[in-house]
Amino acid sequence: QMEIYYREGEGKFAIKHGGIHRFESFKSMVWLPPIPGDAQTFYLRVKGKATATLSLEICTEKYFITKKKLQSMWLGGYFGIILCMVLYNVIMLFSLREKSRFYYIMYILFIAVYFAGIRGVLDEYLFPDRQELISIVVLVVLNIALFWVILFSKSFLMTSRLIPRINNVLSALLAVTLSFIALSFFIRYDMLIKSSFLTAGVIPLVLLVAGFACLR
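Trainee: Help me out: how do you make sense of the overall build of the protein in this one?
Mentor: A tally of regular secondary structure across the protein gives seven helices and three strands. Going from N to C terminus, the protein has its helices and strands arranged as β-β-β-α-α-α-α-α-α-α. Scored against the burial criterion, the 216 residues of the protein give a buried share of 36%. Partitioning the contacts of the protein with sequence separation of at least 6, the portion at a separation of at least 24 is 67%.

Trainee: Mind showing me how you'd approach the packing of aromatic side chains here?
Mentor: Here a ring pair, both rings aromatic, is described through the centre-centre distance and the interplanar angle of the planes. Here the structure, examined in full by the defined rule, presents 10 aromatic pairs. Plain terms: the ring middles of Phe-13 and Tyr-43 are 6.0 Å apart, the flat faces sit at 65 degrees to each other, and that makes the pair edge-to-face. Placement of Phe-13 in strand β2 (residues 13–18) and of Tyr-43 in strand β3 (residues 42–46) is noted, with a sequence separation of 30 residues between them. Note on Phe-13: relative accessible area 42%, which makes it partly exposed. An aromatic cluster of at least three residues, connected via ring pairs, comprises Tyr-78, Phe-79, Tyr-114 and Phe-115.

Trainee: Please explain the nonpolar core as it appears in this structure.
Mentor: Soluble globular proteins tend to pack their nonpolar side chains together in the buried interior. Counting residues in hydrophobic clusters, the biggest one holds 34 residues, and the most contacted among them are Tyr-114, Trp-148, Ile-150, Leu-151, Ile-166, Leu-170 and Ile-203. Those elements that place two or more of their residues in this core are α2 (99–118), α3 (121–125), α4 (131–156), α6 (164–183) and α7 (189–215). Ranked by the residues each element gives to this core, the list is headed by α4, at 14 residues. If we skip the residues at most four places from it in the chain, Tyr-114 touches Val-138, Val-141, Leu-142 and Phe-197. Counting six residues, the second largest nonpolar core, distinct from the first, contains Val-86, Leu-93, Ile-108 and Ala-112.

Trainee: Would you mind going over unusual backbone geometry with me for this structure?
Mentor: Trans is the common state for peptide bonds, and a negative phi is the common state for residues other than glycine. Non-glycine residue Arg-97 carries a positive phi angle of around 55 degrees. Classification of Arg-97 by relative accessible area gives exposed; the value is 68%. Phi is positive for Met-158, which is not a glycine, with a value near 50 degrees. Residue position: Met-158 is located in the loop between α4 and α5 (159–162). Overall, the relative accessible area of 39% leaves Met-158 in the partly exposed class.

Trainee: Any chance you could explain α7 here in plain terms?
Mentor: Helical geometry note: an α-helix holds 3.6 residues per turn, so side chains three or four residues apart project in the same direction. Relative to the 39 Å expected for 27 residues at 1.5 Å per residue, α7 spans 40 Å between its end C-alpha atoms, a close match to the ideal helical length. Regarding α7, the residues found buried are Leu-192, Ser-196, Thr-199, Ala-200, Ile-203, Val-206, Leu-207, Ala-210 and Ala-213. Against α4 and α6 lie the buried residues of α7.

Trainee: Mind showing me how you'd approach the side chain of Lys-154 here?
Mentor: Among the structural elements, Lys-154 can be located in helix α4. Despite its burial, Lys-154 pairs with no opposite charge; the closest candidate is Glu-98, at 18 Å N-O. A polar contact is formed between the side chain of Lys-154 and the side chain of Asn-167, at a distance of 2.7 Å. Excluding residues that lie within four positions of it along the chain, Lys-154 makes contacts with Thr-159, Asn-167, Leu-170 and Ser-171.

About the criteria used
- Residues numbered from 1 in each chain as written.
- Predicted model: local features only at pLDDT ≥ 70, side-chain atom pairs only at ≥ 80, totals over all residues.
- Heavy atoms only, no water.
- Helix = DSSP H or I, 4+ residues; strand = E, 2+ residues; numbered from the N terminus.
- Buried < 20%, exposed > 50% of the residue type's maximum accessible area, 1.4 Å probe, protein only.
- Contact = heavy atoms within 4.5 Å.
- Phe/Tyr/Trp six-rings, centres within 6.5 Å; stacked < 30°, edge-to-face > 60°.
- Core = buried A, V, L, I, M, F, W, Y, C linked by side-chain atoms within 4.5 Å.
- Expected span 1.5 Å × (residues − 1).
- Lys, Arg positive; Asp, Glu negative; His and termini not counted.
- Salt bridge = Lys/Arg side-chain N within 4 Å of Asp/Glu carboxyl O.
- Polar contact = N/O pair within 3.5 Å; in protein donor to acceptor, adjacent residues only side chain to side chain.

Listed below in structure tokens is the structure:
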């Protein structure tokens, strides 16, 4: 929840209310009153239980609508590319019948949902006014995406046969992501987000080492 305070008359404060959403929308805005004279001081108060990145900007309604249209266009292009990748790999899955192809499709789908979450598409169109729930769901989806990318890497690189030691590390990381998924709604949010992003930083490094090890 976001509140803007400003002086209205002598010694009186007026309040404007607004919401904070990852995806820029009219619900994210607080309409400011006309400024009397040359300057006006506004006081901002933000409160909530979920994490929020504040990117404050003062603009006209026309500019905001233009910016939102451009942002929607880029998001549409991104999800269009993701859809093409999914359809292509589905065709290849039925042709080649490779397990790694199925793992890759699942990874693409969940990473797309994750980016839809962090860009605010989920709470804008699917779960309005459920910011706390969306914050947890986004982390759950991130861990599910990490789960599938580990399975894909283990299958595609044949780590159990070629690099058994690194394969054991990947299996341990697989168990970690599963535990985060299972405990997401039971542990503190700050612990979940720190642990999830730490794991998300470690996994690409391990996969990079695994890839170079398989080239030897």
